[in-house]
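# Understanding the architecture of this molecule
The chain contents come next:
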Amino acid sequence: KKNAGNRSEKKINLGAYAGSYGNTLAPPGGNSFSAEISYDLKKRISLLLNYVYTKINSIKNRHLIFYPSILVNSQSEVTGGIRYYLKVDNLKFFLEGLSGAYFINSEDYFGQVTINNSYFGLTIGCGIEFNIVDQLSGLVKTDVSNYINEGSYLGLFGGLKYSL
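Residues numbered from 1 in each chain as written. Predicted model: local features only at pLDDT ≥ 70, side-chain atom pairs only at ≥ 80, totals over all residues. Heavy atoms only, no water.

Counting its regular elements, the protein contains one helix and eight strands. Going from N to C terminus, the protein has its helices and strands arranged as α-β-β-β-β-β-β-β-β. Split into buried and exposed, the 164 residues of the protein put 39% on the buried side. The long-range fraction of contacts in the protein, counting pairs at least 24 apart against all pairs at least 6 apart in sequence, stands at 53%. Accessible surface computed for the protein: about 9400 Å², of which carbon and sulfur atoms make up 62%. (Helix = DSSP H or I, 4+ residues; strand = E, 2+ residues; numbered from the N terminus. Buried < 20%, exposed > 50% of the residue type's maximum accessible area, 1.4 Å probe, protein only. Contact = heavy atoms within 4.5 Å. Areas by Shrake-Rupley, 256 points an atom, 1.4 Å probe, with all protein chains shown as cover.)

Rendered as structure tokens:
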């Protein structure tokens, strides 16, 4: 007979989230998809590996005669970090911190020049996780990412997390 308490001590979790993510300088941002793998290290601490893809249509002015503006098409990030649960119950409040690589893909207004930039950055966030059924949870969170030398981005996500 398996002990249910031991089974819940260390788990691998898969998450899929959708939401909106955008630069505070160029709102409203874009539509995002996020995938996450987490490992419950302790009852209150999880290690995270996260990927976020955002489709954006925003214009940044360059103020040059022959290169007046660029259209930001997409951004993505691959980050790793820690999630700390403040309360462990059916309704779990958490804080998270991540760092990693952030990528912005852009082109000029006429679609003739493509620009790909990569940055190192940090993300901090908080949220709520709630049990739906035995191994399935809902999750709502907000994140603020800072791309070093690029700016800050605010995200709001919601989705499902499945425990293996």
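Right, let's get into the nonpolar core. In this structure, Tyr17, Tyr21, Val52, Tyr85, Phe94, Tyr102, Ile104, Tyr119, Leu139, Tyr147, Tyr153 and Phe157 together form the largest nonpolar core, which totals twelve residues. Setting aside chain neighbours within four positions, we find Tyr17 in contact with Ser32, Phe33, Ser34, Glu36, Leu139, Phe157, Gly158, Gly159, Leu160 and Lys161. (Core = buried A, V, L, I, M, F, W, Y, C linked by side-chain atoms within 4.5 Å.)

Below, the discussion takes up the environment of Leu91. Structurally, Leu91 can be placed in strand β5 (residues 91-108). Once the C-alpha coordinates of Leu91 and Phe130 are considered, the two residues, 39 residues apart in sequence, prove to be 4.6 Å apart. Not counting the four nearest positions on each side in its chain, Leu91 is found in contact with Ile128, Glu129 and Phe130.

Once that is clear, we can look at the confidence of the model for the protein. Low pLDDT marks stretches whose predicted atomic positions should not be read closely. On average, residues of the protein score 83 in pLDDT, and 77% of them reach the 70 mark or higher. Long-range and interchain partners of residues 1-8, a stretch whose pLDDT sits below 50, account for two contacts in this model, where long-range means more than four residues apart. (pLDDT = per-residue confidence, 0-100.)

Our next topic: the environment of Val144. Mapped onto the elements of the fold, Val144 is located in strand β7 (residues 136-147). With twelve residues separating them along the chain, Val144 and Leu156 place their C-alpha atoms 9.1 Å apart.

Bringing the packing of aromatic side chains into the picture now. With the rule as written, the count across this model stands at six aromatic pairs. Seen from their ring centres, Tyr85 and Phe94 are 5.8 Å apart, and the 65 degrees between their planes marks the pair as edge-to-face. In this structure, Tyr85 and Phe94 share a single accessibility class: buried. An aromatic cluster is present here, built from Tyr21, Tyr102, Tyr119, Tyr147, Tyr153 and Phe157 joined pairwise through their rings. (Phe/Tyr/Trp six-rings, centres within 6.5 Å; stacked < 30°, edge-to-face > 60°.)

Okay, the pattern of salt bridges next. Side chains that differ in charge, positive against negative, can pair when their charged atoms come close. This structure, assessed with the given rule, holds seven salt bridges. Of the charged contacts in the structure, one is a salt bridge between Lys141 and Glu96, with a shortest N-O distance of 3.1 Å. Here the residue Lys141 occupies a position in strand β7, and Glu96 occupies one in strand β5, the gap between them amounting to 45 residues. This pair shows no difference in class: Lys141 is buried, exactly as Glu96 is. (Salt bridge = Lys/Arg side-chain N within 4 Å of Asp/Glu carboxyl O.)

Turning our attention to the pairing of strand β8 (residues 151-163). Two faces, one strand: in a regular strand the side chains alternate between the faces of the sheet. Two strands pair when backbone bridges link them, and β7 and β8 are joined in this way by twelve bridges, in the antiparallel orientation. Bridge assignment links Val140 to a residue of β8, and that residue is Gly158. Between the antiparallel neighbours β7 and β8 lie three residues, among them Asn149 with a positive phi of about 70 degrees. (Pairing = 2+ DSSP bridges.)

Here we take up the side chain of Thr79. Along the chain, the position of Thr79 falls in strand β4 (residues 69-85). The residues touching Thr79, leaving out its near neighbours within four places in the chain, are Leu48, Leu49, Asn50, Leu98, Ser99, Gly100 and Tyr102.

With respect to the helices, strands and loops of the structure, Ser99 is situated in strand β5. Taking the relative accessible area as the measure of exposure, Ser99 reaches 30% and is therefore partly exposed. When the C-alpha positions of Ser99 and Val78 are compared, they lie 8.3 Å apart, and in sequence the two are 21 residues distant. Each residue touching Ser99, except ones within four places of it in the same chain, is listed here: Thr79, Gly80, Phe120, Gly121 and Leu122.

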